Amino acid sequence: MEAGDESASTPQEDKRLFTPGPLNTRLEVRQAMLRDLGSRDAAFISTVKDIRRGLLELAGVSDEVFTAVPMQGSGTFSVEAVLQTASPRDGAKVLILSNGAYGRRQAKVCQAAGIPYTLREFPEDRALDVSAAEELLASDSFTTVTAVHCETSSGVLNPVQKMGQAVRRLQPHAAFVVDSMSAFGAVPLDLEEAGVDYLVSSANKCIEGVPGFAFAICRLKHLETTKGNSRSLSLDLYEQWFNLESTGQFRFTPPTHTMLAFHRALRHLLSAGGVATQADRYRSNNVTVKRGLTELGFRQLVRDGDDCYIITSFLCPSDPLFSFSKLYRGLSERGLVIYPGKVTEADCFRVGNIGDLHQEDMVRLVEGVRDVLKEMGVTTPVRY
Ligand SMILES: Cc1ncc(COP(=O)(O)O)c(C=O)c1O
């Protein structure tokens, strides 16, 4: 059995992933994949139907107003499908309200698809400024307005409800798109109150499935008007929805095993109490790691009140003996995986709380950081 041989890995050996994904999943979720179903099999078609129904239930919305559309691929594929489909072929103008890497990625998506857009960038270490956004919304006419719910690159939680209300008031005809990739399922959001037309998330975030597909929760009234908009054959949300509605099937090969795992994860979450339950566990995970690392002297990138319990960016100390790569390696040797920072202006590392992580994991992580700092010769509290 060779180290690094994935086939030899047992659940007991898996490292704890304090990352934004892929994440740790429950054994029962992985076991749900031990079946081979055909894409036209009645059992698979009813699984897909139940997933779509369950997603609306988790979102707390009616199937008369919204529909859930799964799409093969990672989260970016669904962001791309939404932007392609929600933006008309003629006269599109997308306003991207961004404070991080995932906002900027939307600009790249528009650029690649030839969709006209305005990228408005805000500071990465704080929540989007609603009044500055209001000024922009009042200054021009847009067909599509987008924001990221939890900017996973920093851990900032954006005020999407207020942004959505501003969009409804100032751009009543625009589609409001929310990238809630790392927040949906664990951060409450009232889609009606927030005037959301499209919310995007993926299988392997807060619902704790395995990677392989993402989905959009779409306002029917808008989606119904989007036939022919997509500049892409496969990333066409309208056609995907139309096919699912008329045949119960995906247009192209569906990720059958991933869907089976997700079905198990989603049903588990719904029966355990849904968003509120997930929020409680992640919040208490986050409290433990923040308290532990603050005691070691670490400071957060994001100011208090603008941060989220999904993932936290900690600033790297100035002590010359501190090295992120040594910290990463030392923790990894202890079976603990953290993530590098992803902001442009500061040297950080990130600790995620999502996935099948519990209090004992967070305590182990804090102890691991303390031990690795000692090995590096970094004194605590760490210095800046
Ligand atoms: C907010 C947000 N948007 C988009 C993405 C991109 O998702 P993917 O890497 O699955 O394509 C991520 C990934 O973590 C994310 O957190």
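Since we're looking at a predicted model, the values are computed, not measured.

### What about the overall build of the protein chain?
Tallying secondary structure elements over the protein chain gives 12 helices and 14 strands in all. Computed over the C-alpha atoms, the radius of gyration of the protein chain is 21 Å, within 12% of the 21 Å expected from 2.2 N^0.38 for a compact globule of 384 residues. Principal-axis analysis of the C-alpha atoms places the extent of the protein chain at approximately 60 × 55 × 35 Å. Within the span of the protein chain, comprising 384 residues, buried residues form 58% of the whole. When the accessible surface of the protein chain is split by element, carbon and sulfur atoms take 50% of a total near 16,200 Å². Charged side chains in the protein chain number 42 positive and 47 negative. The centres of these two groups are separated by 1 Å.

### Focus: the site of the ligand
Taken together, Ser 74, Gly 75, Thr 76, Tyr 102, Arg 105, Val 148, Cys 150, Thr 152, Asp 179, Met 181 and Lys 205 are the residues near the ligand. For the ligand, an oxygen atom lies 2.9 Å from a polar atom in the backbone of Gly 75. The side chain of Asp 179 places a nitrogen or oxygen atom 2.6 Å from a nitrogen atom of the ligand. A breakdown of the residues in the shell around the ligand according to their chemical character gives four nonpolar, four polar and three charged.

### Observations concerning the packing of aromatic side chains
Applying the stated criterion to the full structure yields 11 aromatic pairs. Relative to Phe 314, the ring of Phe 298 lies with its centre 6.5 Å away and its plane at 70°, an arrangement referred to as edge-to-face. Taken together, the positions of Phe 298 in the loop between α10 (275–295) and β11 (311–315) and Phe 314 in strand β11 put the pair 16 residues apart, joining distant regions of the chain. Of the two residues examined, Phe 298 and Phe 314, each falls in the buried class.

### Considerations on the state of the cysteines
Taken as a whole and judged by the stated rule, the model has zero disulfides. You can see Cys 110 has no disulfide; the closest cysteine sulfur is in Cys 218, sitting 17 Å from it. Residue Cys 110 is classed as buried on the basis of its relative accessible area of 0%. With relative accessibility at 0%, the residue Cys 218 sits in the buried group.

### Section: the side chain of Asp 307
Along the chain, Asp 307 turns up in the loop between α10 and β11. Side chain to side chain, Asp 307 and Lys 290 meet in a polar contact 2.8 Å long. Side-chain polar atoms of Asp 307 contact the backbone nitrogen of Gly 305, separated by 3.3 Å. In contact with Asp 307, not counting residues within four places along its chain, are Gly 155, Leu 157, Lys 290, Gln 300 and Val 302.

### Regarding the sheet that holds strand β13 (residues 339–340)
Picture the strands of a sheet paired through backbone hydrogen bonds; they go either parallel or antiparallel. Sheet architecture is open: three strands sit in the order β11-β14-β13, paired in antiparallel fashion. For this open sheet the edge positions go to β11 and β13, each flanked by a neighbour on one side alone. With five bridges joining them, β11 and strand β14 (residues 348–352) adopt antiparallel strand pairing. By the bridge assignment for β14, Leu 315 is matched with Cys 348. Helix-sheet contacts for α10 involve β11 and β14, and the interaxial angle to β11 is about 10°.

### Side note on the pattern of salt bridges
Tallied over the entire structure, the rule returns 21 salt bridges. Of the charged contacts, one joins Arg 53 and Asp 50 as a salt bridge, the two residues approaching to 2.7 Å between their closest N and O atoms. Here Arg 53 and its partner Asp 50 are both found in helix α2 (residues 42–59), three residues apart, which amounts to about one turn of the helix. The partly exposed category is assigned to Arg 53, whose relative accessible area is 49%. Judged by relative accessible area, which is 14%, Asp 50 ranks as buried. A salt bridge links Lys 227 to Glu 239, with the nearest nitrogen and oxygen atoms 3.6 Å apart.

### Re helix α6 (residues 160–170)
Every α-helix carries 3.6 residues per turn, so stepping three or four residues along brings you back to the same face. When we look at burial in α6, the residues that qualify are Val 160, Met 163, Gly 164, Ala 166 and Val 167. Taken down its axis, α6 places every buried residue within 160° of arc, on the same side. When the buried face of α6 is taken as reference, the exposed residues oriented beyond 90 degrees from it are Lys 162 and Arg 169. Where α6 is buried, its residues touch β3 (94–98), α5 (130–139), β5 (144–148) and β8 (175–179).

### Some thoughts on the sheet that holds β5
The seven strands are arranged β2-β10-β9-β8-β5-β3-β4 in an open sheet whose pairing can be described as mixed. The open sheet terminates on both sides in strands that have one partner only, identified here as β2 (66–72) and β4 (117–121). Geometrically, the sheet is characterised by an average inter-axis angle of 20° between neighbouring strands, direction not taken into account. In terms of strand pairing, β3 meets β5 through four bridges, oriented parallel. Paired with Leu 97 across the two strands is Ala 147, which belongs to β5. With respect to the sheet, helix α8 (residues 237–247) is in contact with β2, β9 (198–202) and β10 (213–219), its orientation differing from that of β2 by roughly 105°.

### Here we look at the domain arrangement of the protein chain
We note that the domain assignment places domain 1 (6–23 + 274–376) and domain 2 (28–272) within the protein chain. The C-alpha centroid of domain 2 is placed 27 Å from the C-alpha centroid of domain 1. Of the residues lining the interface, 31 residues belong to domain 1; the matching set on domain 2 comes to 30 residues. Between domain 1 and domain 2, a total of about 2,400 Å² is buried, with carbon and sulfur atoms accounting for 56% of that surface.

Definitions and limits used
Residues numbered from 1 in each chain as written. Predicted model: local features only at pLDDT ≥ 70, side-chain atom pairs only at ≥ 80, totals over all residues. Heavy atoms only, no water. Helix = DSSP H or I, 4+ residues; strand = E, 2+ residues; numbered from the N terminus. Rg over C-alpha atoms; globule rule 2.2 N^0.38 Å. Buried < 20%, exposed > 50% of the residue type's maximum accessible area, 1.4 Å probe, protein only. Areas by Shrake-Rupley, 256 points an atom, 1.4 Å probe, with all protein chains shown as cover. Lys, Arg positive; Asp, Glu negative; His and termini not counted. Charge placed at Lys NZ, Arg CZ, Asp CG, Glu CD. Near = heavy atom within 4 Å. Polar contact = N/O pair within 3.5 Å; in protein donor to acceptor, adjacent residues only side chain to side chain. Nonpolar A, V, L, I, M, F, W, Y, C, P; charged D, E, K, R; others polar. Phe/Tyr/Trp six-rings, centres within 6.5 Å; stacked < 30°, edge-to-face > 60°. Disulfide = S-S within 2.5 Å. Contact = heavy atoms within 4.5 Å. Pairing = 2+ DSSP bridges. Axes fitted to C-alpha atoms, helices over the stretch in contact; angles between N-to-C directions. Salt bridge = Lys/Arg side-chain N within 4 Å of Asp/Glu carboxyl O. Arc of directions from axis to C-beta. Domains from an automatic or database assignment. Buried area = accessible area lost by both parts, 1.4 Å probe.

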